[in-house]
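Structural overview for review
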Amino acid sequence: MPRCCIVTAYQGDEFAKLATLTLPRMEAFAARHGYELIVHPPDGAGFTDSWMKIPAIISALQGGFDFVLWLDIDALILRTDRDILEDAQPGADLLVSWHGPQTARLDGAPFPPHYNAGVYLIRRSEWSLDFFTRLLALHGEVTHPWREQAALLTMLGYNESLGNGPNVANEIDRAHVGHLDPIWNSIPGIAMATDPVIHHFAGLTGKTRLGLVRENVEIVPLYETASAAVRSALSHQISRRVAAEHATQSLKRAQTASGAEYQNQTAEIERLKHDIARIRAPRQMLRSLPGVITNRLRDKIDQLSGISSSSPGFTLKIDEAPDSVQTLWPEGKSERFEGLAFSTSGDTLGVATADTNSVLLYRRTESGAFEDTPYIRLGGLDYPHDLSFSMCGADELLAVAQRTGALALFRANGVKAPEPVFEISGAEARLTHSDGVSFVPPANDYLAACNLGSSSISFYPRISHAPVRFALKPDFELTHWSIFYPDGLAFTQCGRWLAIANHGNGSVSIFQRRSRLLAGAKLRYGPEPIAIIDDKSLRYPHSVAFTPRTNHLIVTNAGGNFFSVYEPRRSHFGLRWSHVPSAQTIVADEKTFRAVNSGSKMEGGPKGLAVHGNNIAVCSPEIGVRIYSFHEA
């Protein structure tokens, strides 16, 4: 597999604010496709403007990467489903987007067609290293406002784009250059692809650009799940807004000091301001979209970001028919099934068995059911209580929470036994009875763990992909009076909401992720929960999970013979969850449950919980593992 890195750089407060919005998307893209992300520091040789990208690119080309993807800091990745390496053309060492009427929709004032230097895909070769070295040598000699982009066009002989006379043939260099699909470098208000992957907010500055990027970030979840038609319609509306902003800035620059021309331009600016106000906010954009697309967008926004726009309509149906439920029985009475997790593909089910100090891995068959016996038995652990899977580049990681105060990480690729790669433990880790663990989506660049002993949630940032390393000291600890002996935790797929099962007070606390801008570009939840589910029917909550599409919240009850489902509800303040269950599913025969529960009110019911696709898995020492199918809409 080719090694690829994403490289970016920035300097100054304005660009630092942009970075808090765009870097998380670069991180998510890199994690999805196994790239490395390099945020290059300002160059000490005096490259303080957009020229700083050239030494950053040269450094990456010399670093052993097969491909280098340069992104300007004002480039926002909208979706992660496309791999840019699939567009790498054989024989092309430099791929860059050509913006003109033949390749893009032009939404603003006319301009000469040209290559835009905001996004580069570069193949490491003798030519590419030599080309960018020659390009860097032009620093200080090119006076065009386009800076290094002007130098690039000059080297390739595209003088007409710069207004510097006729083009000059340069087949030696042009033979190495290929056209990069404009979906990778769509500039709202100027040159747009039909269904962009990246919005590059070029040509604007200051608060205007920052506000536009922030508004676009709010609706990024739509681009990850909506259809191409919906994404295209939304991008068109955003481009309309930006085109109006460009026109306003152009008029202001051209305003004269007095006379009728001044008055006419002032009137035109006021009209543009009115248009901008009419289409500026993400929710307002929906009003001018076709009706069918508008309804679909509203549904997606409600589902993914919790903004209220229509009446509730979420449903979840669990198939409880005995012949549709699969059971995996423990092979011995000493195997106490405590925690569950599906692998990222859903083809493996991991089970933490506390008393045998092992994790069992079950393989899914072609029929969709799991094999009755584990294909791997991972031993040598110390009271494993919960586990979580995540991709880290090309590798899948398995994290195991051990009650003795340690998080063990393994590389879990293929059918081989997982290989230990790292452990978070020791006094500075502050883990006390670590009963629950989860990677934090969507970037999965943090590990979160429950601390039963201190009634807190600890967050550990990943500090290296290769080798895999996480900080040994928590970057953040979430505490609140409602968190009492937390036994399990779960995040929605978008990472916006965190649910915590409070074993000590029979409740579930739900926290919302804070804006990275407000949190100083750091991962933070809280400080207050957006909801506390203190349903009287809860019996020592053990684990929690959200369904992938509708965010129904599922809670297992260690002291009750059932797991509970809580329905999401829209409100003007985001998603909220019902305080009474919309459904309860019995998991064992009552006689078996009573025999255990009569001796301890905290035992006998389902404990571990995992959700993937349309499967819900629950487990306990008494029932083994029960796997249900469900449908959500």
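Structure first, text after, so check above.
Below is a short write-up of the structure. Sequence order as written defines residue numbering, which begins from 1 separately in each chain. Per-residue local features are limited, in this predicted model, to residues with pLDDT of at least 70; the limit for side-chain atom pairs, both in listing and counting, is 80 or more; totals at the level of whole chains, interfaces and linings are taken over all residues. Only hydrogens and water are set aside; all other atoms, that is, all heavy atoms of the structure, feed into the side-chain values.

**Considering the overall build of the protein**
Our working rule: Helical segments are the DSSP runs of H or I of at least four residues, strand segments are the runs of E of at least two, and each set is numbered from the N terminus. Three labels apply to residues, based on accessible area from a 1.4 Å probe with only protein chains included: buried if under 20% of the type maximum, exposed if over 50%, partly exposed otherwise in between. Should any heavy atoms of two residues lie within 4.5 Å, those residues are considered in contact. Values of accessible area rely on a 1.4 Å probe in the Shrake-Rupley scheme; residue burial ignores everything except the protein chains shown.
When its secondary structure is counted, the protein shows 12 helices and 38 strands. Evaluated residue by residue, the protein yields a buried proportion of 56% over its 633 residues. Summarising the internal contacts of the protein: among those between residues at least 6 apart in sequence, 60% fall at separations of at least 24. A total of about 25,500 Å² of accessible surface is found on the protein, and carbon and sulfur atoms cover 52% of it.

**Considerations on the sheet that holds strand β29 (residues 531–533)**
Paired through backbone hydrogen bonds, the strands of a sheet run either parallel or antiparallel to each other. Inclusion rule: Strands qualify as paired when DSSP identifies two bridges or more between them. Fitting a line to C-alpha atoms yields each axis, with helices limited to the stretch in contact; the angle taken between N-to-C directions then spans 0 to 180 degrees.
Pairing is antiparallel across the open sheet formed by 4 strands, whose spatial order is β26-β27-β28-β29. Unpaired on one side and paired on the other, β26 (486–491) and β29 mark the two borders of the sheet. Sheet twist, expressed as the mean angle between neighbouring strand axes with direction ignored, is 20°.

**Section: helix α3 (residues 126–136)**
Note the following rule: Here the arc refers to the directions that run from the helix axis out to each C-beta atom.
Within α3 the residues assigned to the buried category are Trp127, Ser128, Phe131, Phe132 and Leu135. Looking straight down α3, one finds that the buried residues subtend no more than 120° of arc, so they occupy a single side. On its buried face, α3 sits against α2 (53–61), β5 (94–99), β7 (114–123), α4 (148–156), α5 (171–174) and β8 (177–179).

**Examining the pattern of salt bridges**
Note the threshold: Salt bridges are identified by distance alone: a Lys or Arg side-chain nitrogen within 4 Å of an Asp or Glu carboxyl oxygen.
Inspection of every chain in the model, using the stated rule, returns 31 salt bridges. Among the charged side chains, a salt-bridge network with shared partners connects Arg336, Glu338, Asp355, Glu603 and Lys607.

**Some points on the sheet that holds strand β35 (residues 583–586)**
If you walk across this open sheet you meet the 4 strands as β30-β31-β32-β35, and the pairing is antiparallel. Where the open sheet ends on each side, the last strands, each with one partner, are β30 (541–546) and β35. Sheet twist, expressed as the mean angle between neighbouring strand axes with direction ignored, is 20°. Bridge count between β30 and strand β31 (residues 553–557): 4 bridges; the pairing is antiparallel. Each bridged residue has a counterpart across the sheet, and for proline 541 the counterpart in β31 is asparagine 557.

**Some details on the packing of aromatic side chains**
Describing an aromatic ring pair means giving the distance of the ring centres and the angle of the ring planes. Rules: Classification of ring pairs rests on two measures: the distance between centres of Phe, Tyr or Trp rings, Trp counted by its six-membered ring, which must be within 6.5 Å, and the angle between planes, read as stacked under 30 degrees, edge-to-face over 60 and tilted in between. Any Lys NZ or Arg CZ that is within 6 Å of a ring centre and within 35 degrees of that ring's normal is treated as a charge sitting over the ring.
Counted under the stated rule, the structure contains 17 aromatic pairs. Counting every residue linked through ring pairs, the aromatic cluster contains Tyr120, Trp127, Phe131 and Phe132. One Lys or Arg, arginine 3, reaches over the ring of phenylalanine 65 and ends 4.3 Å from the middle of that ring. Taking NZ or CZ as reference, arginine 363 lies 4.4 Å from the ring centre of tyrosine 375, over its face.

**Examining the packing of α2 against α3**
To keep it simple, the criterion reads: Orientation is classified from the angle alone, with under 35 degrees giving roughly parallel, over 145 giving roughly antiparallel, 65 to 115 giving roughly perpendicular, and any other angle giving oblique. Take the far helix as the reference: if the near one is turned anticlockwise from it by less than a right angle, the crossing is left-handed, and if turned clockwise, right-handed. The classification used treats Ala, Val, Leu, Ile, Met, Phe, Trp, Tyr, Cys and Pro as nonpolar, Asp, Glu, Lys and Arg as charged, and all other residues, Gly among them, as polar.
Between α2 and α3, the least distance of the axes is 10 Å, while the angle of their chain directions is 155°. Taken together, α2 and α3 sit at an angle that is classed as roughly antiparallel. Taken as a pair, α2 and α3 cross one another with a handedness that is left-handed. Residue-level contacts link Ile54, Pro55, Ile57, Ile58 and Leu61 of α2 to Ser128, Leu129, Phe132, Thr133, Leu135 and Leu136 of α3. Class assignment for the residues of the contact of α2 with α3 results in 9 nonpolar, 2 polar and no charged.

**A word on the nonpolar core**
Considering soluble globular proteins, one finds that nonpolar side chains tend to be buried as a cluster. What counts is decided by this rule: Among buried residues, those of type Ala, Val, Leu, Ile, Met, Phe, Trp, Tyr and Cys that are joined through side-chain atoms within 4.5 Å constitute a nonpolar core.
One finds Leu94, Tyr115, Tyr120, Ile122, Phe131, Phe132 and Leu152 to be the most contacted residues of the largest nonpolar core, which totals 35 residues. When contributions to this core are tallied by element, the ones reaching two or more residues are β1 (4–9), α2, β3 (67–71), β5, β7, α3 and α4. Excluding its chain neighbours within four sequence positions, the residues that come into contact with phenylalanine 131 are Leu94, Leu152, Met155, Leu156 and Asp173. Counting residues in each nonpolar core, the second largest holds 27 residues, with Ala19, Ala75, Leu121 and Ile198 among its members.

Shape descriptors only; they carry no functional weight alone.
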